Amino acid sequence: MLSKDEIYRVWAPPEAPWSRWVKPVLFAFMDGVFEIRAARAVRFDAGWVPAPGDAAMVIDLPRDDGVLWGIQLARLGYRPIPLYNALPFPWNEKMSVPDSRSASTVDVEPILAALHRETNALSQIQLPSEAPPAFLLDADRRIARTDPEPGRFDNRSVCFPTDFPSAQFLLERGIRRAVIVQENTSIAGDLAQTLVAWQRNGIEILRKKSKDTDPPVQVIVQPSFLRLLWYRISVALGLRRSELGGFGGIVPSSSG
């Protein structure tokens with residue numbers, strides 16, 4: 001049984017240049033109490049995947065699909081980089097045990113369980129330190145499955161451009177294009193901020209639907225003032241930052 005620090009080092013080995021972007025949020029909960037769910041099959045066609053070289057992957061899929069895709073891509077020579085930054089449930093730091101579970105707005109526990117379960121598989125894959133990255137996101141990160149009413153644990157989250165390496169960093173390491181894998185064709189407003197910045201600085205953006213067999217197609221990510229405005233308002237007013245880092249907090253009762 002590995003400790004949470006040992007699990008983290010499997011996903012973020014110090015010799016890999018991309019490890020600095022691995023989010024430690026979920027790994028802090030690896031010694032908590034949660035359900036270890038059995039692995040399930042995920043649709044993955046390796047035929048379209050570029051040989052490791054000048055491409056980075058951004059896997060923006062719901063539930064634990066991103067982790068499962070990450071392991072498949074690791075077998076093809078890509079290093080999975082978890083960017084999940086939402087707490088799975090409330091945490092009592094002093095007691096080092098989970099608080100009583102109030103229903104969370106986003107179900108992150110399957111992702112936590114998948115990272116824990118797939119650690120052994122990843123540890124057996126011999127990846128070179130310079131293996132290109134596959135950044136893993138939860139496509140449901142901004143979507144509340146239940147109303148964030150008082151007493152509920154609100155762990156909706158967003159990603160920021162600072163959660164990713166800059167275009168310059170990518171280019172310096174030979175990355176010239178990024179393939180975005182999604183279930184649909186709509187790029188979330190938070191992710192779009194990063195892709196626009198990459199695109200402006202010379203990174204080609206391609207999009208791939210996860211359930212199609214078609215190869216990735218080039219897209220031009222258009223900046224949108226309204227999307228940017230919603231993104232900034234949601235971060236400023238609608239999301240709850242945790243003292244442990246990442247997103248997640250109990251919705252307080254109304255004072256009025």
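Thresholds applied
- Residues numbered from 1 in each chain as written.
- Predicted model: local features only at pLDDT ≥ 70, side-chain atom pairs only at ≥ 80, totals over all residues.
- Heavy atoms only, no water.
- Helix = DSSP H or I, 4+ residues; strand = E, 2+ residues; numbered from the N terminus.
- Buried < 20%, exposed > 50% of the residue type's maximum accessible area, 1.4 Å probe, protein only.
- Areas by Shrake-Rupley, 256 points an atom, 1.4 Å probe, with all protein chains shown as cover.
- Pairing = 2+ DSSP bridges.
- Contact = heavy atoms within 4.5 Å.
- Axes fitted to C-alpha atoms, helices over the stretch in contact; angles between N-to-C directions.
- Core = buried A, V, L, I, M, F, W, Y, C linked by side-chain atoms within 4.5 Å.
- Salt bridge = Lys/Arg side-chain N within 4 Å of Asp/Glu carboxyl O.
- Parallel < 35°, antiparallel > 145°, perpendicular 65-115°, else oblique.
- Left-handed = near helix turned anticlockwise from the far one by under 90°.
- Nonpolar A, V, L, I, M, F, W, Y, C, P; charged D, E, K, R; others polar.

Colleague: Explain the overall build of the protein chain to me, please; I cannot follow it from the model alone.
Modeller: A tally of regular secondary structure across the protein chain gives six helices and ten strands. Relative to its full complement of 256 residues, the protein chain shows a buried share of 52%. Surface summary for the protein chain: the accessible area is close to 12200 Å², and the carbon and sulfur share equals 50%.

Colleague: Just to check I follow, could you spell out the sheet that holds strand E9 (residues 217–218) for this structure?
Modeller: Judged by pairing direction, the sheet is mixed, and its six strands sit side by side in the order E2-E5-E1-E7-E8-E9 without closing on themselves. Sheet topology places strand E2 (79–82) and E9 at the edges, where each strand pairs with a single neighbour. Of the strand pairs in this sheet, strand E1 (residues 55–61) and strand E5 (residues 133–138) are connected by five bridges, and their pairing is parallel. Bridge pairing links Ile-59 to Leu-136 in E5. In the packing of helix H2 (residues 65–74) onto the sheet, the strands contacted are E1, E2, E5 and strand E7 (177–182), and the crossing angle to E1 comes to about 155°.

Colleague: Just checking my understanding: could you explain the nonpolar core for this structure?
Modeller: It is characteristic of soluble globular proteins that their nonpolar side chains tend to be buried jointly. Trp-11, Met-57, Leu-115, Phe-164, Leu-191, Trp-198 and Ile-205 are the most contacted members of the largest nonpolar core, which totals 70 residues. When near neighbours in sequence (up to four residues on either side) are disregarded, Ile-205 contacts Ala-178, Ile-180, Leu-195, Trp-198, Gln-199, Val-217, Gln-218, Val-219 and Val-221.

Colleague: What is the right way to look at the pattern of salt bridges in this model?
Modeller: Between side chains of opposite charge, a pair can form as their charged atoms come close. Enumeration over the complete set of coordinates arrives at 13 salt bridges. Between Arg-177 and Asp-54 there is a salt bridge; the shortest N-O distance is 2.9 Å. Of this pair, Arg-177 sits in strand E7 while Asp-54 sits in the loop between helix H1 (4–11) and E1, and the two are 123 residues apart along the sequence. By relative accessible area, which is 23% here, Arg-177 ends up partly exposed. Accessibility expressed as a relative area gives 29% for Asp-54, which makes it partly exposed. Across the pair Arg-173 and Glu-172 runs a salt bridge, and its minimum N-O distance is 3.6 Å. Residues joined by salt bridges that share partners form a network here, namely Arg-63, Asp-65, Glu-183 and Lys-211.

Colleague: What am I meant to see in the side chain of Asp-64 here?
Modeller: Structurally, Asp-64 is set in the loop between E1 and H2. When sequence neighbours within four positions are dropped, the list of residues in contact with Asp-64 reads Arg-40, Pro-110, Ile-111, Ala-114 and Arg-117.

Colleague: Which parts of the structure should I look at to understand the environment of Pro-133?
Modeller: Mapped onto the secondary structure, Pro-133 falls in strand E5. A sequence separation of 77 residues divides Pro-133 from Ala-56, and the C-alpha atoms of the two residues are 5.3 Å apart. Leave out the neighbours within four places in its chain, and Pro-133 touches Trp-18, Ala-56, Met-57, Tyr-78, Arg-79, Ile-81 and Ile-175.

Colleague: What exactly am I supposed to notice about the pairing of E2 here?
Modeller: The two faces of the sheet receive side chains in turn, since in a regular strand these alternate between them. Side chains Arg-79 and Ile-81 of E2 all project onto a buried face; the interleaved residues Pro-80 and Pro-82 project onto the opposite face, where all are buried too. For E2 and E5, the ladder comprises four bridges, and the chain directions are parallel. Across the sheet, the residue bridging to Arg-79 is Pro-133, located in E5.

Colleague: Even after reading the chapter, I still don't get the packing of H1 against helix H3 (residues 109–123), so can you show me in this structure?
Modeller: To characterise two packed helices, one gives the angle between the axes of the helices and the distance between these axes. Packing of H1 against H3 brings their axes to within 10 Å, and their N-to-C directions diverge by 55°. Comparing their axes, H3 and H1 come out oblique. Considering only the axes of H1 and H3, their crossing is left-handed. From H1, Ile-7, Val-10 and Trp-11 reach across to H3, where they touch Leu-115, His-116, Glu-118, Thr-119, Leu-122 and Ser-123. Counted by class, the contact of H1 with H3 contains five nonpolar, three polar and one charged residues.

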